[in-house]
Amino acid sequence: MKRITNFLPFFATIPLGFMAQSTSAQKLISKPNVIYLYADDIGYGDLSCNGAKTVKTPNVDLLAKQGVLFTNMHSAASTCTPSRYALLTGEYAWRREGTGIAAGDAGSIIRPGKFTLADVFKNAGYQTGVVGKWHLGLGDKTGTQDWNGHISPGPSELGFDYSFIMAATGDRVPCVYVENEHVVNLDPKDPISVSYKKNFEGEPTGKLNPEMLKMHPSHGHDQSIVNGISRIGYMKGGKSALWKDEEISTVLTGKALAFIENSKDKPFFLYFATQDVHVPRVPNPRFVGKSGMGPRGDAILEFDWSVGEVMKTLERLHLDKNTIVILTSDNGPVVDDGYKDQAAELLGKHKPAGDLRGGKYSSFEGGTRVPGILSWPGNVKPGVSDKLLCQVDLLATFAEMLKVKLPANAGPDSQDHLNTWLNKGGKGRKYLVLQQNGKDHLSIENGRWKFILPGEGPAFDKNVEIELGNLNKDQLYDLSVDIGEKVNVAKKNPQIVEKLRAKLEQVKAGK
Ligand code: NG6
Ligand code: CA
């Protein structure tokens, strides 16, 4: 009963008809299921609800139509590992060493004992699960995991009751699924060895054996060959456990749906992190050639399919009105991310970042302003919100919603913005600090102004053809009139620059 009282303000906006339903419906609504659908490298402009014309994403569009479409939603960083670190811990990744793009044999970057987003749900009595790309390290120390035994610490030490994950990324070894911290389908007679230092004797590599490749690297990605694709890192053995790239989305989606089905009688939190549209892009034959844009476009269609499957399953199980679905992405888009997959040649007029400048790896908006949707039919008013939001806030936001008391030091950068996420008149963030992959390139924005600290490093990455946003002087953009960050107005607005610089210093100092 106590819990329901806690939710009185929440019920205040729920139509009376809904309130009049049975006690069990009330109980359910006080603890809606939550599915966090995390795309990989899908940019702001990659979805038709955000203006994409060439590629159509009808399932995502439907989700957006029945929910809130956020136009100013950010990942905390413009690459995967720091974004995911911030999402799960509620702490900006740049506060911690070793939170840049993780190797496939990295030790657990979030150390056991750290309070996570999954712990919020677990403390509220939820069943918690993670399916898909992990990329936050596994095991105690880099390079010391036993891939043939119990790989711990892992998701189960970080609040997840169930896990079915890819250790790192599709382009990094080991190319196997790990379920509840054990490699799936492993034949003990063919153990797995992994190294990020040197190859295993006699094993082919993309560099030395290009004739064995069905997809060739454009930069990097020339080490161990798995399924005719050379990867980052070396591995040997584990033949029966190797994933088939064409099947990854089907397998992961199947595991996500099974988790939903198995958890349907209790409240659940599912963190479903798709491999689409990260490289190597090898969509299932069902999608091949369907977008007209090559594997990258086809992988977007495949992502949309996964979203549709989740929605259909919720409907079939009559959970659709009792489930919050959040859809977003871990960083902005990249076209050529290291394989010759024709993504650039077949791009046509499609703009993966929409009108934003930069993309993945960048300090510009294209790096972190990503698609954002929250749907909760019957409970959240559909609409469009331009409020400044960040994934780092989900920890505090759900803690507020579920009345979970956070331990001291939990989620130091996470702010409760429940009313904004639920489209109930919240104002969103006043300030948000963003980062590139490294921890030294920071920017800050306040909903109108974006200030990028002077930083070393190239302005442009020729391999991925992305403007990184590095400049040896202050950059200030007025996003209210210049969403494409074309005109640096730092010189004209010294007071705003100094205010934002001071605020950034304050956040850095943890004040
Ligand atoms: C880069 C990889 C890129 C991708 C990225 C991580 C090379 C040349 N490039 O180092 O292909 O894997 O790391 O992407 O190796 S992320 O979305 O997981 O952050
Ligand atoms: Ca990514």
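Per-chain numbering applies: the sequence of each chain, read as written, is numbered from 1 onward. Chain A is the first chain written and ligand 1 is the first ligand written, with later ones labelled in order. Only residues with pLDDT of at least 70 are given local features in this predicted model, and only at 80 or more are side-chain atom pairs given and counted; all residues enter the totals for whole chains, interfaces and linings. Working from all heavy atoms in the structure, the side-chain values ignore hydrogens and water.

Peer 1: How do you make sense of the overall build of the chain when you look at a structure like this?
Peer 2: Strands are runs of DSSP state E lasting at least 2 residues, helices are runs of H or I lasting at least 4, and numbering of each runs from the N terminus. Within the chain, the regular secondary structure consists of 13 helices and 21 strands. Taken along its principal axes, the extent of the C-alpha atoms in the chain is 70 × 60 × 45 Å. Relative accessible area decides the class of each residue, using a 1.4 Å probe on protein chains only: under 20% of the type maximum gives buried, over 50% gives exposed, and in between gives partly exposed. Counting across all 511 residues of the chain, residues that qualify as buried make up 60%. Any two residues having at least one pair of non-hydrogen atoms within 4.5 Å are treated as being in contact. Within the chain, residue pairs in contact and separated by at least 24 positions form 73% of the contacts whose partners lie at least 6 positions apart. Of the side-chain charges in the chain, 62 are positive and 57 negative, and the distance between the mean point of each set is 6 Å. Only four residue types enter the tally: Lys and Arg on the positive side, Asp and Glu on the negative side; His and the chain ends are excluded. Where a charge lies is defined by one atom per residue type: Lys uses NZ, Arg uses CZ, Asp uses CG and Glu uses CD.

Peer 1: Can you walk me through the nonpolar core in this structure?
Peer 2: Nonpolar side chains in soluble globular proteins generally cluster together in the buried interior. Take the buried residues of types Ala, Val, Leu, Ile, Met, Phe, Trp, Tyr and Cys, join any two whose side-chain atoms come within 4.5 Å, and each joined set is a nonpolar core. In terms of nonpolar packing, the biggest core is built from 108 residues, with Ile 260, Phe 269, Tyr 271 and Phe 398 touching the most fellow members. Tallying contributions element by element places helix α9 (residues 294–316) first for this core, with eight residues. Contacts of Phe 269, omitting those with residues within four sequence positions, involve Val 34, Tyr 36, Leu 117, Ala 118, Phe 121, Tyr 126, Gln 127, Thr 128, Gly 129, Phe 160 and Phe 259.

Peer 1: Honestly, the site of ligand 1 in this entry has me stumped. Any pointers?
Peer 2: We define proximity as follows: a residue is near a molecule or strand when any one of its heavy atoms falls within 4 Å of that partner. The immediate surroundings of ligand 1 are formed by 20 residues, with Lys 133, Asp 171, Arg 172, Asp 337 and Lys 360 found nearest. In the analysis that follows, any N or O atom pair within 3.5 Å is treated as a polar contact, provided that within protein one partner can donate a hydrogen and the other can accept it, and provided that, for residues neighboring in sequence, both atoms belong to side chains. His 135 is positioned such that a nitrogen or oxygen atom in its side chain is 3.2 Å from an oxygen atom of ligand 1. A distance of 2.6 Å separates an oxygen atom of ligand 1 from a polar atom in the side chain of Asp 171. Residue-level accessible areas treat just the shown protein chains as cover; the underlying method is Shrake-Rupley with a 1.4 Å probe. In isolation ligand 1 has 450 Å² of accessible area, and contact with the protein removes 84% of it.

Peer 1: Whenever I open this one, the coordination of the calcium ion (ligand 2) confuses me. Can you help?
Peer 2: A metal bound by six donors in octahedral fashion has ideal angles of 90 or 180 degrees, whereas one bound by four tetrahedral donors has an ideal angle of 109.5 degrees. Note on the calcium ion (ligand 2): its protein donors are Asp 40 (OD), Asp 41 (OD), Asp 330 (OD), Asp 330 (OD) and Asn 331 (OD1). The metal-donor distances range over 2.2 to 2.7 Å. Listed donors are limited to N, O and S atoms within 2.8 Å of the metal, widened to 3.2 Å for Na, K and Ca; water is not among them, so incomplete-looking sites are possible. The geometry test gives tetrahedral to four donors whose angles all lie between 85 and 135 degrees, gives square planar to four donors and octahedral to six donors whose opposite members are over 155 degrees apart with all other angles between 65 and 115, and gives irregular to the rest. For the calcium ion (ligand 2), the six donor atoms in the first shell make angles of 52 to 172° at the metal, so the coordination geometry reads as irregular. As a motif over one chain, the donors of the calcium ion (ligand 2) read D-D-x288-D-N. One end of the pair, Asp 40, is in the loop between β1 (33–39) and α5 (58–66); the other, Asp 330, is in the loop between β12 (323–329) and α10 (365–368), with 290 residues separating them in the sequence. When sorted by exposure, Asp 40 lands in the same class as Asp 330, which is buried.

Peer 1: I'm lost on the pattern of salt bridges in this one. Help?
Peer 2: Between side chains of opposite charge, a pair can form when the charged atoms approach closely. Note on definitions: salt bridges are taken to be side-chain nitrogens of Lys or Arg within 4 Å of carboxyl oxygens of Asp or Glu. For the structure on display, the rule yields 31 salt bridges. A salt bridge links Lys 450 to Glu 365, with the nearest nitrogen and oxygen atoms 2.8 Å apart. On the criterion of sequence distance, the pair formed by Lys 450 in strand β18 (residues 449–452) and Glu 365 in helix α10 is long-range, its members being 85 residues apart. Glu 365 shares its class with Lys 450; the two are buried. Several salt bridges share partner residues, and in doing so they unite Glu 365, Arg 369, Glu 445, Lys 450 and Glu 485 into one network.

Peer 1: Explanation requested: unusual backbone geometry in the structure shown.
Peer 2: Glycine aside, residues mostly have negative phi angles, and peptide bonds mostly take the trans form. The amide bond that connects Ser 152 to the next residue, Pro 153, takes the cis arrangement and shows omega of 0°. With respect to the element layout, Pro 153 can be found in the loop between β3 (127–133) and β4 (162–166). Backbone torsion omega between Val 173 and Pro 174 reads 0°, so that peptide bond is classified as cis. Relative to the assigned elements, Pro 174 resides in the loop between β4 and β5 (177–179). Positioned with a positive phi, Glu 181 is a non-glycine residue whose angle comes to about 75°. For Glu 181, the location among the structural elements is in the loop between β5 and β6 (182–183).

Peer 1: What exactly am I supposed to notice about the confidence of the model for the chain here?
Peer 2: Caution applies to low-pLDDT parts of the model: their predicted coordinates are not meant to be read in detail. The predicted model of the chain has a mean per-residue pLDDT of 94, with 94% of residues at 70 or higher. As a per-residue measure, pLDDT tells how confident the predictor is, with possible values from 0 to 100. Confidence scores differ between elements of the chain, with helix α1 (residues 2–6) showing the lowest mean pLDDT of 33 and β12 the highest of 99. Note that residues 1–28 has pLDDT below 50 and, in this model, 27 contacts with residues that lie over four places away or in other chains.

Peer 1: Explain the side chain of Glu 365 here, please?
Peer 2: Of the residues examined, Glu 365 reaches a relative accessible area of 0% and is grouped as buried. With near-sequence residues (within four places) excluded, Glu 365 lies in contact with Asn 72, His 74, Leu 356, Arg 357, Glu 445, Lys 450, Leu 479 and Glu 485.

Peer 1: Explanation requested: the packing of aromatic side chains in the structure shown.
Peer 2: Geometry of an aromatic ring pair is reported as the spacing of the ring centres plus the angle between the planes. Paired rings are identified among Phe, Tyr and Trp, the last through its six-membered ring, by centres lying within 6.5 Å, and are further divided according to the angle between planes into stacked (under 30 degrees), edge-to-face (over 60) and tilted (the rest). Under the criterion given, the structure shown has 17 aromatic pairs. Taking the centre distance of 5.1 Å and the plane angle of 20° together, the rings of Tyr 92 and Trp 94 count as stacked. Among the residues examined, Trp 94 registers a relative accessible area of 8% and is labelled buried. An angle of 25° between the planes, with centres 6.4 Å apart, marks the rings of Phe 160 and Phe 269 as stacked. Pair noted here: Phe 160 is in the loop between β3 and β4 and Phe 269 is in strand β11 (residues 268–273), with a separation of 109 residues, a long-range link. By the burial criterion, Phe 160 is buried, and Phe 269 matches it.

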